[in-house]
Amino acid sequence: MNKIPFITKEKAEEIAKSYPTPFYLYDEKGIRENASAVKEAFAWNPGFKEYFAVKATPNPCLIQILREYGCGCDCSSMTELMLSKAMGVVGEDIMFSSNDTPAQEYAYAARLGAIINLDDITHIDFVENILGKLPETMSCRYNPGGVFQMSNGIMDNPGDSKYGFTTEQMFQGFRILKERGVKNFGIHAFLASNTVTNEYYPVLAKQLFELAVQLKQETGAHIKFINLSGGVGIPYQPDQKGNDIKAIGEGVRSVFEEILVPAGMGDVSIYTEMGRFMMGPYGQLVTKALHEKHTHKEYIGVDACAVNLMRPAMYGAYHHITVLGKEEEPCEYKYDITGSLCENNDKFAVDRMLPRIEKGDYLVIHDTGAHGYAMGYNYNGKLKSAELLLKEDGSVEMIRRAETPEDYFATLDCLPLYQKLKEEFEAE
Ligand SMILES: *Cc1c(COP(=O)(O)O)cnc(C)c1O
């Protein structure tokens, strides 16, 4: 897949006059086209709903765009619930797929009317104690253990993951929930991450549909929805072929018709909780080359760092890089592209072949629209960048301002020193 920057060098220079680098840029057109394709791909299922995984890109302006395509919010914390509520996303438009959940978060989720997706069988009692009475609709997260395999080999390792109920606990859990008044049931599972194959959802769906049929037969539970959760990946590498959401939707339809329809369960709704697939390719981190350093290796130091994008440092993740204005130049120079943290893993690329980079060049780091800005932190006192939206008409709107030193110091407002800092900010 050819990696194309959303903007030219000239446009980057123009934007940087109002919004200094580094900044995140999101492509409204791409977000809309993809959201529409997702909706289309599952249109065969009347109850289909994508609950966007808020954690991936917690920006209300972007989530508002997804709302136009029928998306709800998948939340897993208090502040994600608050953010959803502030956008007017409440009731069954919220899926609360949390784990190790504090009592007050369950209470708040219930107050908003969110669907609660339990991560563990012991949480049945926990939630009942908090709420007095269980909600009519509840979901359980499933973890079959072992390894999750597809035709191309092992994909992921659910047996080693902290999430979900075992198979036996699913049956036991459904029986208990039913006895305690739950009327509608959901089944959820997230068994492999960033899958770049059209097979993942259909293989997962088959496993969950077979389980659903058994759960219905053995417990008599009414299964309202099956939530395939996230895990649909994107091609970070330029030579990878991306997923075809239409083919994925058809793959799920085929197992739906094979397993659920004959079991009299053709009314089950399919839910998804995609984050990466909805936003990943539609965000780019734009940064500027500040320094070149020639020592044991060739380094280009940029003005973004792992605080702005943690994936390369955290997982060694590949993110493609384009040097603006040099798109057609041959990649003849080998660089490490570094940030300024006092951490040697603060590198956006290692031994990457790129065109010759000069100080002042703009670099675009691709596929950072999900789990990019959101994973940011403040190590070394570094501040998080602004988020900008490139609108369909070519204009740019700021959808989150950059952090300031005052934000960094704000949590010290218990100290007299803070007052002094504040006076100094104001004097500047
Ligand atoms: C992270 C997460 C998602 C989104 O995953 P993606 O890989 O971004 O699609 C969905 N559901 C849950 C419960 C998650 O933790």
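About the criteria used
- Residues numbered from 1 in each chain as written.
- Predicted model: local features only at pLDDT ≥ 70, side-chain atom pairs only at ≥ 80, totals over all residues.
- Heavy atoms only, no water.
- Helix = DSSP H or I, 4+ residues; strand = E, 2+ residues; numbered from the N terminus.
- Buried < 20%, exposed > 50% of the residue type's maximum accessible area, 1.4 Å probe, protein only.
- Salt bridge = Lys/Arg side-chain N within 4 Å of Asp/Glu carboxyl O.
- Axes fitted to C-alpha atoms, helices over the stretch in contact; angles between N-to-C directions.
- Parallel < 35°, antiparallel > 145°, perpendicular 65-115°, else oblique.
- Left-handed = near helix turned anticlockwise from the far one by under 90°.
- Contact = heavy atoms within 4.5 Å.
- Nonpolar A, V, L, I, M, F, W, Y, C, P; charged D, E, K, R; others polar.
- Core = buried A, V, L, I, M, F, W, Y, C linked by side-chain atoms within 4.5 Å.
- Domains from an automatic or database assignment.
- 1 Å grid on protein atoms, 1.4 Å probe; cavity = no way out; pocket = protein on both sides within 12 Å on 5 of 7 lines; lining within 4 Å.
- Points joined across faces, edges and corners; volume = space filled by probe spheres on them.
- Buried area = accessible area lost by both parts, 1.4 Å probe.
- Near = heavy atom within 4 Å.
- Polar contact = N/O pair within 3.5 Å; in protein donor to acceptor, adjacent residues only side chain to side chain.
- Areas by Shrake-Rupley, 256 points an atom, 1.4 Å probe, with all protein chains shown as cover.
- Sits in = over half its atoms within 2 Å of the grid points.

Asks: Help me understand unusual backbone geometry, please; the structure alone is not making it clear to me.
Replies: With an omega of -5°, the peptide bond running from Thr21 to Pro22 counts as cis. Turning to its location among the elements, Pro22 is positioned in the loop between α1 (9–18) and β1 (23–27). Even without a glycine there, the phi angle at Asn380 is positive, about 65°. Relative to the helices and strands, Asn380 resides in the loop between β17 (362–365) and β18 (386–390). Of the residues examined, Asn380 reaches a relative accessible area of 35% and is grouped as partly exposed.

Asks: Where do I start with the pattern of salt bridges in this structure?
Replies: Between side chains of opposite charge, a pair can form when the charged atoms approach closely. Overall, the coordinates contain 24 salt bridges when judged by the stated rule. Salt-bridge contacts for Glu128 lead to Arg180; the nearest nitrogen and oxygen are separated by 2.9 Å. Taken together, the residues span a long stretch of sequence, with Glu128 in helix α6 (residues 123–131) and Arg180 in the loop between α7 (167–179) and β9 (184–188) at a distance of 52 residues. By relative accessible area, which is 30% here, Arg180 ends up partly exposed. The partner of Arg253 in a salt bridge is Glu257, with the nearest N and O atoms 3.3 Å apart. Of this pair, Arg253 and Glu257 both sit in helix α9 (residues 245–260), 4 residues apart, which is roughly one turn of that helix. We classify Arg253 as partly exposed; its relative accessible area is 31%.

Asks: Any chance you could explain the packing of helix α5 (residues 103–111) against α6 here in plain terms?
Replies: Between two packed helices, the angle of one axis relative to the other and the distance separating the axes together describe the packing. α6 packs onto α5 with a crossing angle of 65° between their chain directions and a minimal axis gap of 10 Å. The orientation of α5 relative to α6 falls into the category roughly perpendicular. You can see that α5 and α6 cross each other, and the crossing is right-handed. Contacts between α5 and α6 involve Ala103, Tyr106, Ala107 and Ala110 from the former and His123, Phe126, Val127, Ile130 and Leu131 from the latter. Looking at the contact of α5 with α6, its residues break down into 8 nonpolar, 1 polar and no charged.

Asks: How should the nonpolar core be read in this particular structure?
Replies: The nonpolar side chains of soluble globular proteins are, as a tendency, buried together. Counting residues in hydrophobic clusters, the biggest one holds 104 residues, and the most contacted among them are Phe42, Ile187, Tyr201, Phe209, Ile223, Ile226 and Ile337. Residue contributions to this core peak at 10 residues, all from helix α8 (residues 200–219). Looking at which domains feed residues into this core, each of domain 1 (29–280) and domain 2 (283–409) supplies at least three. Excluding residues within four positions of it along the chain, Phe209 makes contact with Ile226, Val252, Val255, Phe256, Ile259, Leu260 and Ile270. Core analysis: the next-biggest nonpolar cluster, separate from the first, contains 13 residues, Ala16, Leu25, Leu324 and Leu388 among them.

Asks: Looking at this model, I keep getting lost on the layout of surface pockets. Mind explaining?
Replies: The probe, sized like a water molecule, is rolled over the atoms to show the empty space still left. Approximately 1000 Å³ is the volume found for the largest pocket. Lining the largest pocket are 47 residues, with Lys55, Tyr163, Phe190, Ser193 and Arg276 sitting closest to its centre. When contributions to the lining of the largest pocket are tallied by element, the ones reaching two or more residues are β3 (72–75), α10 (276–279) and α11 (311–315). Here the residues of the lining of the largest pocket are counted per class, giving 20 nonpolar, 18 polar and 9 charged. When residues of the lining of the largest pocket are sorted by domain, at least three fall in each of domain 1 (29–280) and domain 2 (283–409).

Asks: Whenever I open this one, the domain arrangement of the protein confuses me. Can you help?
Replies: For interface size, the figure often reported is the accessible area lost on association. Looking at the protein, the domain boundaries give domain 1 (29–280) and domain 2 (283–409). In this structure, domain 1 and domain 2 have C-alpha centres spaced 32 Å apart. Tallying the contact residues gives 19 residues for domain 1 and 17 residues for domain 2. Together domain 1 and domain 2 conceal approximately 1600 Å² of surface at their shared face, both sides included; 54% is due to carbon and sulfur atoms.

Asks: Got a minute to help me understand the site of the ligand in this structure?
Replies: Inspection of the region around the ligand gives 14 residues, with Lys55, Glu273, Gly275, Arg276 and His371 positioned closest. One nitrogen or oxygen atom from the side chain of Lys55 is found 2.6 Å from an oxygen atom belonging to the ligand. Between the ligand and Asp74 there is a distance of 3.1 Å, counted from a nitrogen atom to a side-chain nitrogen or oxygen. Taken by itself the ligand offers 380 Å² of open surface, and the protein chains cover 91% of this. Comparing atom positions with the cavity grids shows the ligand to sit within the largest pocket. Residue composition of the shell around the ligand, by class: 3 nonpolar, 6 polar and 5 charged.

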